[in-house]
Amino acid sequence: MENVVRESDPTNNVPDAIFSKLGLQLHRRDNHPIGILKNAIYDYFDESHGGKFVKFDDLCPIVDVKKNFDDVLVPDDHVSRSYNDTYYVDASTVLRCHTSAHQADLLRSGHTHFLVTGDVYRRDSIDSTHYPVFHQMEGVRVFSPDEWLASGVDATSYAAMDLKKTLEGLAQHLFGIFHKSDHCAVDMRWVDTYFPFTSPSFELEIYFQEKWMEVLGCGVTEQAILKRSGKIDNVAWAFGLGLERLAMVLFEIPDIRLFWSTDQRFTSQFSEGKLGAKFKPFSKFPPCYKDMSFWISDSFTENNLCEVVRGIAGDLVEEVSLIDNFTNKKGQTSHCYRIAYRSMERSLTDEEINQLQWNVRETVQNKLNVILR
Ligand code: DAH
């Protein structure tokens, strides 16, 4: 892959820390929470659909812009296409930001029932449920007219009903096991939303860490996608599910960085390769908070700030949050960010954190065109 990613290309915004995640394929490890969850979802689809779903989990995450965006009807001016949101390898190649990047190709090659699992990449903010690399599973199912004609409802409603029924069944399959323990059942809700590739579109949210957390997006596939793939008389549903977020709820994993831990005390807890394991924290290490304030310029973005912080502190940064924001009479805008440093594996020394923070301050000032206050 080395010769694919040209670091010297001015349009390349893939830092080394991200580059080094390519090929790790947590989703193909049977004793990792992500792999265990993938296998459990496979089991559900095998049982409910008699093995009809074809599975892909080894498609290259480096895709052309056309696949990632155009093929799934993402408009030219959509924010997700920006360098601020997506990792570009060069002007026409990205690290896929969703597994939807493979939908159109697979439809075109004739598949009607499929699951695509893989690592996806997004520039984003930093907190316990966001990490620039995570894993998704995409599911697509195509129906032919005989399937909905007998039902008496229109094609779109038929697909939407089947979609919700299928995903609710999946939740039952995954969390049914959960209900038998002394934990309360998970709270879930459907929310109407917008995606360029589906209409209608829905999100499934689960209540976790005192907030509603989005775990999947789905909907009835836009006809334009099906028609271009040669499916002129069909209707289809599709979903894209975030594996980390579901796994956090299922295995009680409190922070998304843990999925990347190579610490035996983490990895050994999933050696049975089955659902039902609950993560036991090794011990609670305290977080350490550092604030920094600066005057921003027009080009400032929080994603760029987070990239700088992550570049220096790596997985020692737990959260970056804006805690104060004001504009003075001269029109200058000040932001104050609080950075939480915490290791999942050990306690950090004051000296180590001060050094990191010092480094962050210097780099932020040099690279982000801001003025520290
Ligand atoms: N690609 C969407 C995302 O990353 C998730 C998604 C939504 C996938 C709707 C789909 C879909 O296939 O139909 O957030």
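In the block above lies the structure referred to throughout.
Residues numbered from 1 in each chain as written. Predicted model: local features only at pLDDT ≥ 70, side-chain atom pairs only at ≥ 80, totals over all residues. Heavy atoms only, no water.

Asker: How should the nonpolar core be read in this particular structure?
Answerer: Across soluble globular proteins, nonpolar side chains show a tendency to be buried alongside one another. The biggest cluster of nonpolar side chains holds 65 residues, and the ones touching the most others in it are Ile 41, Leu 95, Leu 174, Phe 175, Ile 253 and Phe 259. With ten residues, the top contributor of residues to this core is helix α6 (residues 155–179). (Core = buried A, V, L, I, M, F, W, Y, C linked by side-chain atoms within 4.5 Å. Buried < 20%, exposed > 50% of the residue type's maximum accessible area, 1.4 Å probe, protein only. Helix = DSSP H or I, 4+ residues; strand = E, 2+ residues; numbered from the N terminus.)

Asker: Help me out: how do you make sense of helix α8 (residues 243–251) in this one?
Answerer: Side chains that are three or four residues apart share a direction in an α-helix, a result of its 3.6 residues per turn. When you tally the buried positions in α8, you get nine out of nine residues, the bulk of the element. Within α8, burial applies to Leu 243, Glu 244, Arg 245, Leu 246, Ala 247, Met 248, Val 249, Leu 250 and Phe 251. Looking one or two residues past α8, Glu 252 carries a phi angle of roughly 55 degrees, positive in sign.

Asker: What is the right way to look at the site of the ligand in this model?
Answerer: Surveying the vicinity of the ligand reveals 15 residues, the closest of which are His 98, Ser 100, Gln 103, Arg 122 and Glu 138. In the model, an oxygen atom of the ligand is placed 2.6 Å from a nitrogen or oxygen of the Arg 122 side chain. The fraction of the free accessible surface of the ligand (350 Å²) that becomes covered by protein chains is 94%. For the shell around the ligand, the secondary structure elements donating two or more residues are β6 (133–143), β9 (211–221) and β10 (235–242). For the shell around the ligand, the residue count by class is five nonpolar, eight polar and two charged. (Near = heavy atom within 4 Å. Polar contact = N/O pair within 3.5 Å; in protein donor to acceptor, adjacent residues only side chain to side chain. Areas by Shrake-Rupley, 256 points an atom, 1.4 Å probe, with all protein chains shown as cover. Nonpolar A, V, L, I, M, F, W, Y, C, P; charged D, E, K, R; others polar.)

Asker: Looking at this model, I keep getting lost on the pattern of salt bridges. Mind explaining?
Answerer: Oppositely charged side chains are able to pair whenever their charged atoms sit close together. For the coordinates displayed, the defined rule picks out 23 salt bridges. Note that Asp 76 and Arg 81 form a salt bridge whose closest N and O atoms lie 3.9 Å from each other. Looking at Arg 81, the relative accessible area reads 14%, which means it is buried. Arg 96 serves as the salt-bridge partner of Asp 119, at 3.0 Å between the closest nitrogen and oxygen. With a gap of 23 residues between them, Asp 119 in strand β5 (residues 113–121) and Arg 96 in the loop between β4 (93–95) and α4 (103–108) connect regions that are remote in the sequence. (Salt bridge = Lys/Arg side-chain N within 4 Å of Asp/Glu carboxyl O.)

Asker: Could you clarify how one ought to interpret the packing of helix α2 (residues 33–49) against α8 in this entry?
Answerer: Think of two packed helices as two axes; the pair is described by the angle between the axes and how far apart they sit. α8 packs onto α2 with a crossing angle of 95 degrees between their chain directions and a minimal axis gap of 10 Å. The orientation of α2 relative to α8 falls into the category roughly perpendicular. Residues Pro 33, Ile 34, Ile 36, Leu 37 and Ile 41 of α2 form the contact with α8, whose participating residues are Leu 243, Glu 244, Leu 246, Ala 247, Leu 250 and Phe 251. Residue composition of the contact of α2 with α8, grouped by class: ten nonpolar, no polar and one charged. (Axes fitted to C-alpha atoms, helices over the stretch in contact; angles between N-to-C directions. Parallel < 35°, antiparallel > 145°, perpendicular 65-115°, else oblique. Contact = heavy atoms within 4.5 Å.)

Asker: What exactly am I supposed to notice about the packing of aromatic side chains here?
Answerer: When we look at a pair of aromatic rings, we describe it by the centre distance and by the angle of the planes. Scanning the entire structure with this criterion turns up 19 aromatic pairs. Between Phe 300 and Tyr 337 the ring centres are 6.1 Å apart and the planes differ by 45 degrees, which places this aromatic pair in the tilted class. Of this pair, Phe 300 sits in the loop between β11 (288–295) and α10 (302–313) while Tyr 337 sits in strand β13 (residues 333–341), and the two are 37 residues apart along the sequence. In this pair, the class of Phe 300 matches that of Tyr 337, namely buried. An aromatic cluster is defined as three or more aromatic residues linked by ring pairs; in this entry it consists of Tyr 44, Phe 45, Phe 53, Trp 237 and Phe 239. In this structure, Lys 21 is placed above the aromatic ring of Trp 260, and the distance from its NZ or CZ to the ring centre is 5.1 Å. Over the ring of Phe 282 we find Arg 265, and its NZ or CZ is 4.5 Å from the ring centre. (Phe/Tyr/Trp six-rings, centres within 6.5 Å; stacked < 30°, edge-to-face > 60°. Lys NZ or Arg CZ within 6 Å of the ring centre and 35° of its normal.)

Asker: I tried to follow the sheet that holds strand β1 (residues 54–56) on my own but got confused; where do I start?
Answerer: Backbone-to-backbone hydrogen bonds join strands into a sheet, with any given pair of strands oriented parallel or antiparallel. Taking strand neighbours across the sheet as the criterion, the seven strands line up as β1-β5-β6-β10-β9-β8-β7 in an open arrangement whose pairing is mixed. Among the strands making up the open sheet, the edge pair consists of β1 and β7 (188–195). Neighbouring strand axes in the sheet, compared pairwise and without regard to direction, differ in orientation by 20 degrees on average. One ladder, built from nine bridges, connects β5 with β6; its direction is antiparallel. Paired with Val 120 across the bridge in β6 is Phe 134. Lying on the sheet, α2 is in contact with β1, β5, β6 and β10; it crosses β6 at an angle near 10 degrees. (Pairing = 2+ DSSP bridges.)

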